[in-house]
Amino acid sequence: MAAISTTPCELRMTTPQHHIAFIGGGNMASAIIGGLIRQGMTAEHITVVEPFAETAAKLHQDFGITALPVAGPALAQADLVVWAVKPQMFSAAAAPVMPHTRAALHLSVAAGIRTDSICRWVGTERVVRCMPNTPALVGQGITGLFPCPSTTPADKALVEQVIGTTGQSVWVEQESQLDAVTALSGSGPAYVFYFLEAMTEAGVGMGLSSEQAYKLAVATFSGAASLAAASTESPEVLRQRVTSKGGTTYAAITAMEASGVKPLFIQAMQAAEVRARELGDEFGKA
């Protein structure tokens, strides 16, 4: 079992402020940038390289940041470089960045790309690889983190501080465990949305309006998750407390177990883990 640590979204940026560069300005970068600014960092301490004009315009509108269309000498001031590019674009994006950022700490949010490839592409072994998830967009994310051996305690503290603006974090001891993090929490929001779809459809089929069914389903997921987070009991015990023998919940759980829902769900997550490993093999060759 990996040693883990969690970081709450309650951190203030240190002074003097670090300078942070983002390579890519899409949704995940915007989530982190928004968190940093809410925690006191100013736009002047953030540099973004974003070639797409529409995305760059949104960064300026939302945060007052004027993004660079291409990498250049301005990146040399960065203490931390956050890689928020698509996995298949990482290698090409790194080539013009590397000459300016070898002295910086690098944090990658690119799914599947392993640290050996990242270190080769960015020209340093001060690299932390992470796997966030989309609830980071509302400050409720959970991010798995893996540090290369060359990262220092101060490097890890800075990463925790930055990621902490989007939610919680968990350090893993082996990089291969990030594939499991990807399958569980990285892809996990889609599983929740999938069940929300099913619960809403079922509610409509039983006579509720779509709006009523969806509101009930979302509140149920949110409330149950909050209850689990606040409880010291296992999910099995919490489930049993809701399941009276012969009652309505018992009928539903019995039907799901008869259909093999749990082993099929586990099998689906294992498929996601396999695909995470494949992505590292596929995109880490350059």
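Source: prediction; values computed, not measured.

Draft legend 1. Geometry of the confidence of the model for the protein chain. Of the residues in the protein chain, 93% reach a pLDDT of 70 or more, and the chain-wide mean stands at 92. Note that residues 1-16 has pLDDT below 50 and, in this model, 42 contacts with residues that lie over four places away or in other chains.

Draft legend 2. Structural view of a nonpolar patch on the surface. A grouping of Y194, F195, M199 and F265 is seen on the molecular surface, where their side chains present a nonpolar patch of about 370 Å² in accessible area. Counting residues per element, the nonpolar patch draws most heavily on helix α7 (residues 188-205), which supplies three residues. On the secondary structure map, F265 appears in helix α11 (residues 261-283).

Draft legend 3. Fine view of the state of the cysteines. A full pass over the atoms with the stated rule returns zero disulfides. There is no disulfide at C119, and the cysteine sulfur nearest it, in C148, is 3.8 Å away. Looking at C119, the relative accessible area reads 14%, which means it is buried.

Draft legend 4. Here's a closer look at the packing of helix α3 (residues 90-101) against helix α4 (residues 115-122). In the contact formed by α3 and α4, the axes pass within 8 Å of each other and the chain directions differ by 35°. Contact residues: α3 offers F90, S91, A94 and M98, while α4 offers I118, R120, W121 and V122. Of the residues in the contact of α3 with α4, the class split is six nonpolar, one polar and one charged.

Rules used throughout
Residues numbered from 1 in each chain as written. Predicted model: local features only at pLDDT ≥ 70, side-chain atom pairs only at ≥ 80, totals over all residues. Heavy atoms only, no water. pLDDT = per-residue confidence, 0-100. Contact = heavy atoms within 4.5 Å. Patch = residues over 30% accessible without salt bridge, like charges linked within 9 Å, V, L, I, M, F, W, Y side chains within 5 Å. Areas by Shrake-Rupley, 256 points an atom, 1.4 Å probe, with all protein chains shown as cover. Salt bridge = Lys/Arg side-chain N within 4 Å of Asp/Glu carboxyl O. Helix = DSSP H or I, 4+ residues; strand = E, 2+ residues; numbered from the N terminus. Disulfide = S-S within 2.5 Å. Buried < 20%, exposed > 50% of the residue type's maximum accessible area, 1.4 Å probe, protein only. Axes fitted to C-alpha atoms, helices over the stretch in contact; angles between N-to-C directions. Nonpolar A, V, L, I, M, F, W, Y, C, P; charged D, E, K, R; others polar.

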